[in-house]
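Now for the letters of each chain:
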Amino acid sequence: MLNISKDNIDDQLADKQLYSLKTLRTPNLGIYLARVLVVLTVITLVSMFLPWQQNIRGQGRVTALNPANRPQTVESAIPGRIVEWFVFEGDFVSAGDTILHLAEVKDKFFDPNLLQRLSEQIAAKESSLIAKQLKRDAYKNQIKALQESLVAKLNQANNKVAQSILKVQSDSITFEAEKISFSNSQNIFDRNKLRFESGNITLTKFQELETKFNTSKAKVLERENKYLQSQGDLAIARTDLSGIQADYAEKISKATSDLQATLSEINDTEGSIAKIKNEYSNVEVRQDQYYLIAPQSGYLVKALKEGLGETIKEGEAVVTIMPDNPDLAVEMYIRAMDVPLISRERSVRIQFDGWPALQFSGWPSVSVGTFGGVVQVIDRVNNGNGMFRILVKPDPTDDPWPDQLRLGSGIKGWVMLENVYVWYEIWRQLNGFPPSLYEEPGQSTTKSEYNNSSKSDKK
């Protein structure tokens, strides 16, 4: 039993005949299974210490990085009725090509000679404007002539007043002189009257003196009348001066009022002309809108209005155009808890729907059928469902994206982060922890670069 001796009796025993002895042996299958379990355990333990690249998963679709290159609808600027289609779904249209022809549906624009009618209205209004402008110039000339005439009349009236003043002064002096002369004559007459009564002078002499006295008295009355007349002429001259000012003020005011009324009419006419010209331009532009034009080159992918005679509302979408050669990108939606870990220029692995791929998220180097990208845009607000959108553009250092991609195709993506051990990643997933982050988002230094720089510093 202890196998001390070199002699062995195993060969002399018939195992097949001894059932009890046979059951004591270890089965070959058990030995094989034990070996397999040992190998699997060793492989599992070794694999726990393999590097694993953490990532953030997301889903989305193919889009264009430039909003102008995304599918867009062409809308009709005016309401109308479809008369004729010039292109069909799937056709390529260049920018400026005509898509369809519309007919007018508003009775205001039914007249085929509407532009000519508006042109005639503009011409009539412009003729009326010219006549009113001439009327305005006439009123201005009239006001100018009245002002000049007023100045001349005022000068004339002022001269007449000045002459009247001088005449009053002259008559006043003459009147005072006659009054003095009359006073002297009266004194002489009174003295000679006493002498006559005394018999010292003759009657003839007294009558001669009396005649002179009466003559002097008459001159005083005459000079007084002239003086009073000259004062009356001065008052009349001053009244005429005030009358001239009032008369011309009334005439100038009336002419000014007529001028202002004419200016108001001119402004109204100019406003009417501007309104009609605006309407003319609107009709002219509206007639250009009867033909729906492609805003840019691309493929007509869908007609939203089909039948001839179908009515289109103002601002209603008619067709959808897919721009030619868009700058492809991927919009991917990620959870809010993962947003702080993502920065621009982060590497992304992308799997496109319909494209055969085998992706090992932790080992991107052994993945097959996936394509590289880099994060270009990170939205600052969520989409309303707690998810944030990121835009990923092709990685210029990786394989180009397939030419067969179409906008709207679904994708799965993995934003690549840092390298950790497999056991740490399993432990993190079981505990629901976020991926590790060795640096702030936005820095270009990776963990490996950080370790290499640390080693070089130590050396």
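Throughout this document, residue positions are counted from 1 along each chain, in the order its sequence is written. Only residues with pLDDT of 70 or above have their local features reported here, since the model is predicted, and side-chain atom pairs are shown and tallied only from 80 upward, although totals for entire chains, interfaces and linings are computed over all residues. Only hydrogens and water are set aside; all other atoms, that is, all heavy atoms of the structure, feed into the side-chain values.

**Brief notes about the packing of helix 3 (residues 114-198) against helix 4 (residues 203-288)**
Then, in step 1: Closest axis-to-axis distance for the helix 3/helix 4 pair is 5 Å, and the angle between their directions is 170°. In terms of their interaxial angle, helix 3 and helix 4 are classed as roughly antiparallel.
Then, in step 2: Polar here means any residue other than Ala, Val, Leu, Ile, Met, Phe, Trp, Tyr, Cys and Pro, which are nonpolar, and Asp, Glu, Lys and Arg, which are charged; Gly is therefore polar. Here the residues of the contact of helix 3 with helix 4 are counted per class, giving 39 nonpolar, 23 polar and 29 charged. With axes taken as lines fitted to C-alpha atoms, and helix axes fitted only over the stretch in contact, angles between N-to-C directions fall between 0 and 180 degrees. Runs of E in the DSSP output that reach at least two residues are strands. Runs of H or I that reach at least four are helices, and both are numbered from the N terminus. The labels follow the angle: roughly parallel below 35 degrees, roughly antiparallel above 145, roughly perpendicular from 65 to 115, and oblique for the rest.

**Focus: unusual backbone geometry**
Then, in step 1: Its identity is not glycine, yet Glu 345 carries a phi of approximately 70°, on the positive side.
Then, in step 2: The topology assignment puts Glu 345 in the loop between strand 10 (328-335) and strand 11 (347-352).

**Looking at the sheet that holds strand 8 (residues 311-312)**
Then, in step 1: Think of it this way: DSSP has to see at least two bridges between two strands before they count as a pair. Here we have four strands laid out as an open sheet, ordered 6-5-3-8, and antiparallel in their pairing. Because the sheet does not close on itself, it has two edges, and the strands there are strand 6 (291-293) and strand 8.
Then, in step 2: Examined bridge by bridge, strand 3 (residues 80-85) and strand 5 (residues 98-103) share four bridges and lie antiparallel to one another. Across the sheet, the residue bridging to Ile 82 is Leu 102, located in strand 5.

**Examining the nonpolar core**
Then, in step 1: In this text, buried Ala, Val, Leu, Ile, Met, Phe, Trp, Tyr and Cys residues form a nonpolar core when linked through side-chain atoms within 4.5 Å. Here's how the labels work: a residue is buried when its accessible area is under 20% of the maximum for its type, exposed when over 50%, partly exposed in between, all with a 1.4 Å probe on protein chains only. Ranked by internal contacts, the top residues of the largest apolar core, which has 21 residues, are Val 330, Met 332, Ile 334, Ile 350 and Phe 352.
Then, in step 2: Put simply, the parts of the chain that give this core at least two residues each are strand 1 (51-64), strand 10, strand 11, strand 12 (371-378), strand 13 (387-394) and strand 14 (410-421).
Then, in step 3: Here, two residues are considered to be in contact whenever any of their heavy atoms come within 4.5 Å of each other. Aside from chain neighbours lying at most four places away, what touches Ile 334 is Ile 56, Arg 57, Gly 58, Val 339, Ile 342, Gly 386, Met 387, Phe 388 and Ile 390.
Then, in step 4: Counting residues in hydrophobic clusters, the runner-up holds 16 residues, among them Val 74, Ile 82, Trp 85 and Ile 312.

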